[in-house]
Structure formats: C-alpha cells, structure tokens
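Here's the letter readout for the chains.
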Amino acid sequence: MKNLSDTIEFAQKLIIKKSVTPKDDGAIKTLKSKLSKMGFINTELPFGSKKNNDLILNLFSINKSAHPKHKTLCFAGHTDVVPEGNTKNWKFDPFLGKVSNGKLHGRGASDMKGAIAAWVIACRNALKKKKLNISLALLITGDEEGVAINGTIKVVKWLKQKKINIDYCVVGEPTNPNYIGEMIKVGRRGSLSFSLEVLGKSGHVAYPHLAKNPVSSLINVCNQLNNLKLNLKAKNFPLTNLEVTSIDTGNPTSNVIPSTCKALINIRYNTRYNEKILVKKIKDIFLKEPCSFRLEIISSNKPFYTKADKFLSLLEKSIYKVTKKKPALSTTGGTSDARFIKDICPVYEFGSVGKTMHQINENINIRDLESLQKIYEELILSYNDLCS
Ligand SMILES: [Zn+2]
C-alpha cells in the first residue's frame with residue numbers, strides 16, 4: 001500500500017500545478033525536484049521565446065548511475081494539460097487532486113500526470129531494489145496538447161546533437177480505453193488535413209446562367225470523396241477513413257450565388273497509403289469538375305508502426321503479470337509525440353485508462369494507477385535482466 005500512496009501523492013502534486021498548455025505553473029520544477037532527490041541529473045530545455053510568447057519548458061532527466069555502455073530506457077510524457085472548461089461543471093476543483101470513492105480526480109489525472117507519477121515511483125523502486133545495468137531517462141515536455149512545436153520535436157533534435165542514445169521509449173499516453181492492460185499502441189495512423197476551395201462566379205439566384213455555383217461543385221466532389229474506396233488493409237491498423245468536417249461559403253444571403261466555397265477534410269490513414277497517393281486520388285476527382293479548385297494542405301503526419309520485438313514482449317509480460325490481461329496491439333486514436341520519438345528508437349505507448357481524458361471530471365481509478373506503477377516497475381526490472 002505504501003507505493004500506492006507515493007504514486008497518488010506525487011500525481012496530486014503534479015495535478016495542483018495549473019499547467020494548462022502552454023503554461024507550466026511549476027509542474028516541471030515539481031518533477032525536477034523529485035527526480036533530483038532520487039539521484040537523477042536534470043537538464044531543463046526551454047524552447048521558444050518569452051518575446052514570442054511561446055516559451056516552453058521541457059525536461060530531460062537521467063539517473064546518475066547511468067553509464068555510456070548501458071542501454072537506455074526512456075519514458076516520454078507531457079506535463080501540460082488541456083483547459084478545464086467551466087470549473088462549475090466539475091464535481092471537484094480540477095486542480096485539487098481530490099481522492100474520492102477510489103478515484104483520483106483532476107485535470108491531467110488520466111492524460112497524463114498519473115502515468116508520469118507511476119513511472120517516477122517505478123524508477124525509484126527499481127533503483128532501490130537492484131543495482132541496474134540499464135540507464136533510466138525521462139523526456140518530459142510542456143508542449144504536447146498545444147501546437148507541439150517547442151516540445152518533443154526539439155528535445156529529440158537536442159538528443160541527436162548531444163549524441164545521447166536511447167534504446168527504447170515508452171510513451172505514457174492513456175492508451176487503455178476501459179481497463180488497465182487492455183491496449184498497447186504500436187504506431188499511429190497518418191493524418192492528412194486539407195482544405196478544398198472552389199472558385200466559382202457569384203450572381204443572382206434568378207439568373208443562374210450568368211453565375212457558376214461553387215456550392216454545387218463542392219457538394220458533388222465531397223460526395224465522391226465520401227465514397228472513395230480506401231480499403232487497403234495494414235496489420236494492427238484500422239481502415240483508412242476520410243471525413244468532411246466543414247463546408248462553408250461565408251454567405252449570409254439566400255438569393256446570392258457565392259463566388260467561393262471551401263471544405264475542410266481530414267484523412268486518417270494506414271501504412272498502405274501516403275500523402276502523394278491520397279492527393280492524387282483527390283485531384284482525380286475534382287479535375288473532372290467544371291469549376292476550378294484550390295487544394296491546400298493544412299497538416300500532414302506520416303503513419304508509423306513499431307514492429308514487435310523482445311521489448312514489446314517484455315511489456316506484454318509485465319502487463320500480464322500485474323493484470324492477467326493480454327493487451328491488444330493497436331494504432332487507433334489521434335496522434336501523439338511518439339511520432340517524433342520513432343525517428344530515434346522503437347517506441348511503444350502504454351499508460352492510463354483514457355475514458356475521461358480531456359473531459360469534465362477527468363479522473364483515474366486509484367487501483368488502475370497502482371497497477372500501472374507495478375507494470376512500469378516490472379518492465380524496468382525485466383529489461384534490466386534482459387540487458388544484464
Ligand atoms: Zn496526452
């Protein structure tokens with residue numbers, strides 16, 4: 001029970017820091033001082049600038065007994081949280097870290113201050129139990145829930161510059177949909193966001209022959225996009241999906257044909273597709289239309305997949321040992337910072353139960369958090385055995 005209270009207590013200390021992205025409010029400092037006491041060497045990595053109002057605190061931490069010949073196991077996570085919304089709608093103050101009815105409540109409990117606390121305590125226990133032959137590192141950012149330009153992406157660049165090697169990384173995002181031990185993320189889908197604007201000709205609705213209605217063209221194109229066959233399958237990936245999320249003319253009047261109309265579209269795709277193939281498919285559709293179109297890519301992230309190896313089976317075994325559950329391997333959900341880390345080492349994601357993440361009354365089951373801490377500890381010790 002002692003470990004449970006240590007994990008919960010430390011999670012509470014992180015939750016009371018109002019680190020609503022991009023603010024830090026002392027969250028990184030709290031983590032730093034805990035890690036210092038455990039004998040970790042901390043490097044604070046501020047990126048961005050005060051002048052541009054985008055200064056972000058990041059942290060790279062590694063245990064003192066680390067050795068260049070050691071394999072390095074890294075945990076990656078974020079201390080920033082999404083806004084709490086209207087506090088009045090919360091059962092408990094979102095920045096109090098209230099424990100009630102077997103649950104720890106607060107913004108970040110699930111996503112992902114709980115998991116950070118679980119990893120920190122797992123490190124402390126593992127280091128107490130054994131003289132480790134592996135190095136333990138933490139890569140923590142304050143810029144995951146926001147624009148993510150001064151966070152993990154820059155820390156990864158810094159690691160490369162400093163020639164700091166990482167052998168494996170566990171990202172502590174809330175990967176379990178309902179219960180702990182349910183799901184490991186072994187990659188993520190690609191995401192292509194783009195706008196499609198039709199350039200028509202405005203005019204009076206009573207004289208349509210003098211105008212070119214862009215709305216009709218765009219509806220036609222969107223309909224074909226909805227019916228586009230994107231059914232190539234990839235292992236552990238869901239099917240590729242396209243969603244039209246907005247069709248807008250900005251036209252407040254009903255008797256004027258507008259001159260332009262714009263749609264916003266997002267495609268979540270598996271490893272059988274890429275940006276080039278998708279853009280070609282879209283162009284093939286609108287090039288058949290009489291109106292001219294302008295396609296603009298808003299954001300584009302490639303899909304990635306981490307192949308099963310010895311480390312993944314250690315993670316699976318650790319999960320089974322603690323929970324008696326066999327986790328599914330999945331790539332569902334939105335994007336995460338794993339997309340930056342996969343460039344330097346194999347990365348797997350396993351964290352809390354995500355049922356209430358980003359919601360009012362975000363919380364985590366205390367027993368789940370205790371299990372997560374034990375799983376992490378088991379993983380550290382078994383990876384140490386593998387490397388010894
Ligand atoms: Zn998160």
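Note that the structure is a prediction, hence the values are computed from the model and not measured.

What counts, and where the lines are drawn
- Residues numbered from 1 in each chain as written.
- Predicted model: local features only at pLDDT ≥ 70, side-chain atom pairs only at ≥ 80, totals over all residues.
- Heavy atoms only, no water.
- Donors = N, O, S within 2.8 Å, 3.2 Å for Na, K, Ca; no water.
- Tetrahedral: all angles 85-135°; square planar, octahedral: opposite > 155°, others 65-115°.
- Helix = DSSP H or I, 4+ residues; strand = E, 2+ residues; numbered from the N terminus.
- Buried < 20%, exposed > 50% of the residue type's maximum accessible area, 1.4 Å probe, protein only.
- Pairing = 2+ DSSP bridges.
- Axes fitted to C-alpha atoms, helices over the stretch in contact; angles between N-to-C directions.
- Contact = heavy atoms within 4.5 Å.
- Salt bridge = Lys/Arg side-chain N within 4 Å of Asp/Glu carboxyl O.
- Arc of directions from axis to C-beta.

1. What to know about the coordination of the zinc ion
- At the metal site, the zinc ion is ligated by His78 (NE2), Asp111 (OD), Glu173 (OE) and Glu173 (OE), and these contacts range over 1.9 to 2.7 Å.
- For the zinc ion, the 4 donor atoms are set out with angles of 51 to 136° between them, so the coordination reads as irregular.
- Written as a sequence motif, the donor arrangement for the zinc ion is H-x32-D-x61-E. With histidine 78 in strand E3 (residues 71–78) and glutamate 173 in the loop between strand E7 (168–171) and strand E8 (183–185), this residue pair connects regions lying 95 residues apart in the sequence. Neither histidine 78 nor glutamate 173 differs from the other in exposure class; each is buried.

2. A few points about the sheet that holds strand E15 (residues 292–301)
- The strand order across the open sheet built from 4 strands is E12-E14-E10-E15, with neighbouring strands paired in antiparallel fashion. Pairing within the sheet leaves two strands with one partner each, and these edge strands are strand E12 (241–248) and E15. Sheet twist, expressed as the average angle between the axes of neighbouring strands with direction ignored, equals 20°.
- Here 7 bridges tie E12 to strand E14 (residues 260–269), and the two strands are oriented antiparallel to one another. The residue of E14 that forms the bridge with aspartate 248 is lysine 262.
- Against the sheet, helix H6 (residues 275–286) touches strand E10 (190–199), E14 and E15, its axis set at about 160° to E15.

3. What about the pattern of salt bridges?
- Inspection of the entire model under this criterion finds 12 salt bridges.
- Between arginine 124 and aspartate 6 there is a salt bridge; the shortest N-O distance is 2.8 Å. Highlighted residues: arginine 124 in helix H3 (residues 109–129) and aspartate 6 in helix H1 (residues 2–15), separated in sequence by 118 residues.
- The buried category is assigned to aspartate 6, whose relative accessible area is 14%.
- In this structure, lysine 32 engages glutamate 44 in a salt bridge whose closest nitrogen and oxygen atoms are separated by 2.8 Å. In this pair, lysine 32 sits in helix H2 (residues 27–37) while glutamate 44 sits in strand E1 (residues 40–44), placing the two residues 12 residues apart along the sequence.

4. Points about unusual backbone geometry
- Residue proline 22 follows threonine 21 across a cis peptide bond; omega there is 5°.
- For proline 22, the position within the fold is in the loop between H1 and H2.
- A cis amide bond links aspartate 111 to the next residue, methionine 112, at an omega of -10°.
- In this structure, alanine 148 is a non-glycine residue whose phi angle is positive, near 60°.
- Mapping alanine 148 onto the fold places it in the loop between strand E6 (134–141) and helix H4 (152–161).
- Assessed through its relative accessible area of 8%, alanine 148 is described here as buried.
- The backbone of lysine 324 sits at a positive phi, close to 60°, despite the residue not being glycine.

5. With respect to H4
- Those residues of H4 that fall on the buried side of the exposure criterion are Thr152, Val155, Val156, Trp158 and Leu159. Considered in projection along H4, the buried side chains sweep an arc of 160° and stay on one side of the axis. Turned more than 90 degrees off the buried face of H4, the exposed positions are Lys157 and Gln161.
- Where H4 is buried, its residues touch E1, strand E2 (58–63), E6 and helix H8 (338–341).
- Just downstream of H4, lysine 163 is the residue with a positive phi angle, here 55°.

6. What to know about the sheet that holds strand E19 (residues 363–365)
- Here 3 strands make up an open sheet; going across it, the order is E4-E5-E19 and the pairing antiparallel. The open sheet is flanked by strand E4 (99–100) and E19, the only strands paired with a single partner.
- Relative to strand E5 (residues 103–105), E4 runs antiparallel, the two sharing 2 bridges. Counterpart to valine 99 in the pairing with E5 is leucine 104.
- Along the sheet, helix H9 (residues 366–387) makes contact with E4, E5 and E19, crossing E19 at roughly 70°.

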